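Topology and contacts: notes
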Amino acid sequence: MEQVNDDTFAAARKVIAVHINYPSRAAQRGRTPAQPSYFLKPSSSLALTGTAVERPAGCELLGFEGEIAIIIGKAARRVEVEDAWGHVAAVTASNDLGVYDLRYADKGSNLRSKGGDGFTPVGPALIPADAVDPAKLRIRTWHNGELVQDDTTEDLLFPFARLVADLSQLLTLEEGDIILTGTPAGASVAVPGDVLEVEVTAADGGLSTGRLTTTVKEGTTAFADFGARPKADDLQREEAYGSREAAGLPAAGSALSPELKAKLESVCTATLSSQLRKRGLNNVSIDGLQATRPDRRVVGLARTLRYVPNREDLFKTHGGGFNAQKRAIDSVNEGEILVMEARGEKGTGTIGDILALRAQVRGAAAIITDGGVRDFSAVAAMELPTYYSNPHPAVLGRRHIPWDTDITIACGGTTVQPGDIIVADSDGILVIPPALAEEVANDSIAQEREEIFIAEMVEQGHSVDGLYPLNAQWRAKYEEWEADKAND
């Protein structure tokens, strides 16, 4: 069979991609389109098998999507569906790569996010269109050797002939033009060092394109200030990985409800700590930190950021531009708490006044770091509570590289996961597993109610023996006291 080569790309004046076409992908996205929709990719994004693709510096979410590409062999303008397949010369494998970090800047065009150099590898072999049934093709994708996509064209939302006919209503499809026909479920995110492979075969196991192979490498040139800079949030992570679970995000609906938040705000961390201890959780406090606003009681969901020890060569690729620290600050949402793992390193700052101000403007509930704080007077004067080890004048890069966001981290001697509930007051900072939060809050409210009664009895002169904690006799009196209060 003929191989894809530079001449194939020279003939491709247009590269057109379809948004959603496989039922499995539609189910994953939660929407099934009634009609096909498209976007353009520049021909400069085309690449041959064996080519490395660069994840741009500062980007986190390089998504891959194995697809079947059809190549136009004869110009098509206003053709009927029944005639459309006759205008196709060949099919081959393709990978619709893109960085979700730049989707926000495209307003639907996908130009920045999916138009980068090398973002459309195609090949390696061309299967003649007249040698296969377009409804009986199989598409498979491997990520580091693991099969992650496996589907057929049997039940496409929009068969290939319909795509050709539909597009030809408005524009002329020219010889050499390439149409990417959609991806099935299983598309996800690749990181530098990963190997991606895509293969298209006849469903009967006959003709094959061979495996289209692409290796991911890290970009080293940061985006300039005069254009859009990469940024990612949980919505883009969910879209890129295919689900919240795959992205390591808390399940939908697990957000802190106003009712639960109010309950947790009504009790002190000392009470919550005792209730957690009753459940066998002794290592859920973030220790050794000071607070800029010790008068505040703070409740919010954790977002996480991890710093790794500085290594000069790695700081060049991860420390500049819109790095993980800036992405974390720029994606923290109202009521969330940004928790930073700084390894207890006190010899440099991990946050300063500008980024702390950005977090405050975005509505963050607090910042927690087990490292230092720069511009301390300015940070301490903000409404936003910041929990920290010590002030320090040095910049981040003296000891740290901002590395990962929204992953499981260690801070102040305990483990924190994205979506954990953080409660902080003048006594300290607690990490509460979301699954236990409602139960712990209710029991803490009940405990503090008992302690109000106990305090009243002590004030009246009673001994704490049998009263604290309540024995059976005192519990009966407490229940009478509660009933009287309820009737007041």
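Structure: above.
Just so we're clear, the structure is a prediction, and the values are computed from it rather than from any experiment.

Cut-offs applied
- Residue numbers restart at each chain and count upward from 1, following the sequence in its written direction.
- Per-residue local features are limited, in this predicted model, to residues with pLDDT of at least 70; the limit for side-chain atom pairs, both in listing and counting, is 80 or more; totals at the level of whole chains, interfaces and linings are taken over all residues.
- The side-chain numbers reported here are obtained from all heavy atoms of the structure, hydrogens and water having been left aside.
- Every helix listed is a DSSP run of H or I at least four residues long, and every strand listed is a run of E at least two residues long, numbered separately from the N terminus.
- Only protein chains enter the accessibility calculation, which uses a 1.4 Å probe; a residue is then buried when its area is under 20% of its type maximum, exposed when over 50%, and partly exposed in between.
- Geometry of aromatic contacts follows a simple scheme: Phe, Tyr and Trp rings, the Trp one being its six-membered ring, pair when their centres are within 6.5 Å, and the pair is stacked under 30 degrees between planes, edge-to-face over 60, tilted otherwise.

1. Focus on unusual backbone geometry
- Here the residue pair Gly123 and Pro124 is connected by a cis peptide bond, since its omega of 0° sits within 30 degrees of zero.
- Checked against the element boundaries, Pro124 lands in strand β9 (residues 120-128).
- Omega for the bond connecting Tyr468 with Pro469 falls within 30 degrees of zero, at 5°, which places this linkage in the cis form.
- Assignment of secondary structure puts Pro469 in the loop between α13 (434-459) and α14 (472-487).
- Even without a glycine there, the phi angle at Asn110 is positive, about 65°.
- Judged by its relative accessible area of 11%, Asn110 is buried.
- Even without glycine at this site, Asn144 takes up a positive phi of about 55°.

2. Details of the packing of aromatic side chains
- Scanning the model with the defined rule gives 6 aromatic pairs in all.
- Aromatic pair Trp85 and Phe160: ring centres 6.2 Å apart, planes at 25°, arrangement stacked. Separated by 75 residues along the polypeptide, Trp85 in the loop between α3 (81-84) and β7 (88-95) and Phe160 in helix α5 (residues 160-168) bring together distant segments of the chain. Each of the two residues, Trp85 as well as Phe160, counts as buried.
- With a centroid separation of 5.0 Å and 55° between ring planes, the pair formed by Phe376 and Tyr388 is classed as tilted. With Phe376 in helix α12 (residues 376-380) and Tyr388 in strand β23 (residues 386-388), the pair connects residues that are 12 residues apart, well separated along the chain.
- According to the relative accessible area criterion, Phe376 is partly exposed, its value standing at 26%.

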